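Fold and contact review
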Amino acid sequence: MKRLLDKNIFMMKLLLILFFTLTVFKVSAQQYTLSGQITNKKNIPVSFASVYIKNSTYGTTANENGDYVFKLAPGIYDVIYRFPGYKEKAERISINQDVQHNVQLDTDLFQLQKITKKENDANDPAMDIMHQVINKREFYLNEVKSYSCTVYIKGVKKIINTPKTLLDKGMNKILNLDTSGKGISYQSESLSAFNYEQPNKIKEEFIASRVAGVNPPFGYNKASDLQVNFYKNMFFVNELNNHGFVSPAGAYAFKYYKFQLLGTIVQDGKRIDKIQVISKIGKALSFSGFIYILEGDWRIYSVDLTLTNSSNNLNFVDTLRVSQQYIPVKDNTWMPLSFQYSYKGNVHGLKFSGYYLGIYNNYKIDTVFKPGYFTGEILRTDTAANKRTPLYWANIRPVPLTFQEAANYHKNDSLVVLQESKAYMDSVQHAQNKIKIFPVLVHGYLATYKANKDSLFIYPVLQTVYYNTVEGYGIYLRGRYSKNYDDNRSFSISPGVRYGFANKLFSANMHSEYTYDQAHAGKFFLDFGSDVLDLNNLGTRSLYFNTLSTLLSEQNFVKYYRSVFGDFGYQREIANGILWMANLSYADRTQLYNTSYNHIFTYPHLRYTSNNPLAAPNAPANDQSELFPQNQALIFNTSFRFTFDQQYMTRPTGKVYLPSLYPVVTVNYKKGINGVLGSDVDYDFISLDITQDRIPMGLFGHSAFKIKAGGFLNRKTVYYMDYNHFLGNEGTTSDPTYVGSFHFVPFYTFSTEDPFVEVHYQHNFSGAILDNIPYLRRLKLEEIIGANYLTEKTHQNYTEIYVGLKRLIYGADYGVSYLGGKKYLQGFRIFIGLK
């Protein structure tokens, strides 16, 4: 009996201990809500005010209406409320239930001692303060060696006014607006885990992402988009401008800005200076606004700066306001709590405004990452990131939705249900697939099916109807059918039918591509058929521009031959940044001759030339001299492309590669195989290519270069189309050039079977010069300078230099070329990107 009683007592004690433990755990795990509204003394909401818990790395930001919300465990907290232009307020709040706590902020009353000075006096105290800040910028740039944090980003775009002309065209339905043409056209949220290590290692994982509406032409939805640091010399705004802007805390600050101390305030024992940032007259690439400096530490406390389109040539928007708040996160280490882009714009009467807001939480400073943690993958999106429920967002969202934003999400969620129905998708695709005359002429025809997984593209008329002196008038009908699978595999097939009416030559071919491993660029290629090809295997002029120059200028620049071919290829990334490509081709190749001599205008100094590029200069257009005999060629080609420090993003839809910060090196080997399948060729060719497409040059835009060298190790039997060719240019108007092409080299003159070296350099000032001229600034032109060099055994050294202007798909330049030190060719070149 006693033993039974003892056992019961023991069980009761055990149950009491268990009950007590669960109760304590529940209490400690319980979270309550601290919420309220932040206003000024006139009860006007202080939009986007920062709120954070003192001595922690936990903070948030109010929404447009000044509303804020925190999820907190029971306890007593010192809560800090701040925003530029207002006095920081600290409130001690006890949390043991949901608390509603409204706050009013007082306007900052910065005190300024009376100093006799002029506005532009170099002795303004602000100049000394900014000197101190700039002297310490390198320290603050490198102070934190590594960190990890959680980043929440919110984006909203509102349409303020839609002109009647656009309303009549159904713009309110396209942007999901009300009948008056107002409302939220775009709304997004994302939550990610962000990791960083000096000097530039990044790894981010998307935990959740939500988008509603039509994507704007620019966007910042990932944490790496908002890694803004004013201690750096330049401030870059992706997509809104081709160049950067000078940071007022950077090394170039005093060349671009004047500074004026507006006053000092003491907050929590710290002296904070408010400094007005004034752009010097005529200086583009610069901000205006205010920067707040923590005295003694000489660090940035917060910034409130503005860029305007009138002085900085912004794309898409008229003004961009940049705000950033710093807080102490560890000892005397400060990190950003929040960052915000606010913008306004007016495009043909369509007025809009919006913002992107980033909030940084849960900092872990000097994080030790495992070796190999940073692999080049800068972003990985969780497969469930886009499938989070509204309840999930309600629990993790640090910034409360406004009534309008919540209503917009509800409306879009309802529309998604409708838009994902088969009947709706079929009706939309039927409308989108209607043929429109002008787009078909210039851009071609695109039809999509099966929720955009299948597509059919017909090439534009400008690339279908053509004329050249070999085929006469011709038609080249081409299309492409593409299919995408749910596992990111894809397949495309591109048939083509070509007929020349003068030489009555019919060609038909098929090009196909199968991507079996998108994550590693794994692809198979299969091509076969017949075609009329350019003797320069790098390509010269498009069918469209060659037709124009032939008919209008009596200049048949492109030389053709006939090929009946089959080609099988393969590529795959064998390691991050190393892409291997290989293909085996067989072709029966036949020389062609001119058969048609039509032209609209006649010029006494111009005439058609032979289709043989090596014919004598005075050879007649109907010249029948032999360039090469009919031959068969079995050719194996392989290459390795090395992209150093290759960065990429992994999304549910596949892998996205980013441009490299370093030169890309390509090693190529090509073998002409003799005796197999009757092949006549016999050669070995090797080349090395070093290219970098974009080298940032700070205030002065960006540069690019390409160096290529190569030669034949064996050239027993090499035909003209197997030579090494160069990307030349002939004619005043042509397709766009790029780094790696020549502006004045004839298409075939320098083609060679001897060793060669070519060097190309181009610099784009991105408006750094013309943006300082008020009237020219509006044109948003980019200034271009460049030089190209070629050396080979059979010709004297060739050099060309050029200067020009560029805007979107259009460009023009003037250049001079030299051959063996003597002037060779010179003139204007106009480039139009129609192909």
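Please refer to the structure placed before this passage.
The structure presented is a predicted model; accordingly, all values stated were derived computationally and were not measured.

Put simply, Gln198 and Pro199 share a cis peptide bond, and its omega is 0 degrees. With respect to the helices and strands, the residue Pro199 is situated in the loop between strand S10 (183-197) and strand S11 (201-213). Of note, the phi angle at Asn43 is positive, near 65 degrees, even though the residue is not glycine. By secondary structure assignment, the location of Asn43 is in the loop between strand S1 (32-40) and strand S2 (50-53). Residue classification places Asn43 among the exposed residues on the basis of a relative accessible area of 55%. For Asp268, which is not a glycine, the phi torsion comes out positive at approximately 55 degrees. Summarising the element assignment, Asp268 is placed in the loop between strand S14 (257-267) and strand S15 (270-279).

Now for a nonpolar patch on the surface. On the surface, Ile437, Phe438, Leu441, Val461, Val465, Tyr473, Ile475, Leu477, Val497, Phe501 and Phe506 cluster together into a nonpolar patch covering about 1100 Å² of accessible area. Going through the elements one at a time, helix H11 (437-442) and strand S25 (472-484) are the ones with two or more residues in the nonpolar patch. Along the polypeptide, Val461 turns up in the loop between strand S23 (454-458) and strand S24 (465-468). Val461 gets classed as partly exposed once you look at its relative accessible area, which sits at 34%.

Here the focus is the sheet that holds strand S3 (residues 59-61). Strand order in this open sheet of four strands is S3-S2-S5-S6, and the pairing throughout is antiparallel. Edge strands, defined here as strands with exactly one partner in the open sheet, are S3 and strand S6 (89-95). The sheet shows a mean angle of 25 degrees between the axes of neighbouring strands, taken without regard to direction.

Another aspect to go through is the pairing of S23. Pairing of strand S22 (residues 445-449) with S23 involves five bridges; the strand directions are antiparallel. Looking at the pairing, Tyr449 lines up with Asp454 of S23. Remark: four residues form the turn of the hairpin made by S22 and S23, two consecutive strands paired antiparallel; Lys450 in that turn has positive phi of roughly 50 degrees. The sheet contact formed by S23 and S25 spans five bridges and is antiparallel. Paired with Ser455 across the two strands is Ser482, which belongs to S25.

Further remarks concern the environment of Asn238. By secondary structure assignment, the location of Asn238 is in the loop between strand S12 (234-235) and strand S13 (245-246). Those residues in contact with Asn238, other than ones at most four positions away along the chain, are Tyr220 and Asp225.

With that settled, consider the pattern of salt bridges. Inspection of every chain in the model, using the stated rule, returns 28 salt bridges. Taking the shortest distance from any N to any O, the salt bridge between Asp689 and Lys706 comes out at 2.8 Å. Of this pair, Asp689 sits in strand S35 (residues 682-696) while Lys706 sits in strand S36 (residues 702-717), and the two are 17 residues apart along the sequence. One continuous salt-bridge network, built from bridges that share partners, spans Lys54, Asp268 and Lys270.

Turning next to the packing of aromatic side chains. Summed over the entire model, instances satisfying the criterion amount to 50 aromatic pairs. With 6.4 Å between their ring centres and 85 degrees between their planes, Phe235 and Tyr341 make a pair best called edge-to-face. Here Tyr341 lies in strand S19 (residues 333-347) and Phe235 lies in strand S12, a separation of 106 residues in the sequence. Per residue, the accessibility class of Phe235 equals that of Tyr341, and both read buried. Between the aromatic rings of Tyr392 and Trp393, the centroid separation amounts to 6.2 Å while the plane-to-plane angle is 90 degrees, which identifies the pairing as edge-to-face. Exposure remark for Tyr392: the relative accessible area of 23% places this residue in the partly exposed category. Taking relative accessible area as the criterion, Trp393 reaches 0% and is therefore assigned buried.

Conventions used here
Residues numbered from 1 in each chain as written. Predicted model: local features only at pLDDT ≥ 70, side-chain atom pairs only at ≥ 80, totals over all residues. Heavy atoms only, no water. Helix = DSSP H or I, 4+ residues; strand = E, 2+ residues; numbered from the N terminus. Buried < 20%, exposed > 50% of the residue type's maximum accessible area, 1.4 Å probe, protein only. Patch = residues over 30% accessible without salt bridge, like charges linked within 9 Å, V, L, I, M, F, W, Y side chains within 5 Å. Areas by Shrake-Rupley, 256 points an atom, 1.4 Å probe, with all protein chains shown as cover. Salt bridge = Lys/Arg side-chain N within 4 Å of Asp/Glu carboxyl O. Pairing = 2+ DSSP bridges. Axes fitted to C-alpha atoms, helices over the stretch in contact; angles between N-to-C directions. Contact = heavy atoms within 4.5 Å. Phe/Tyr/Trp six-rings, centres within 6.5 Å; stacked < 30°, edge-to-face > 60°.

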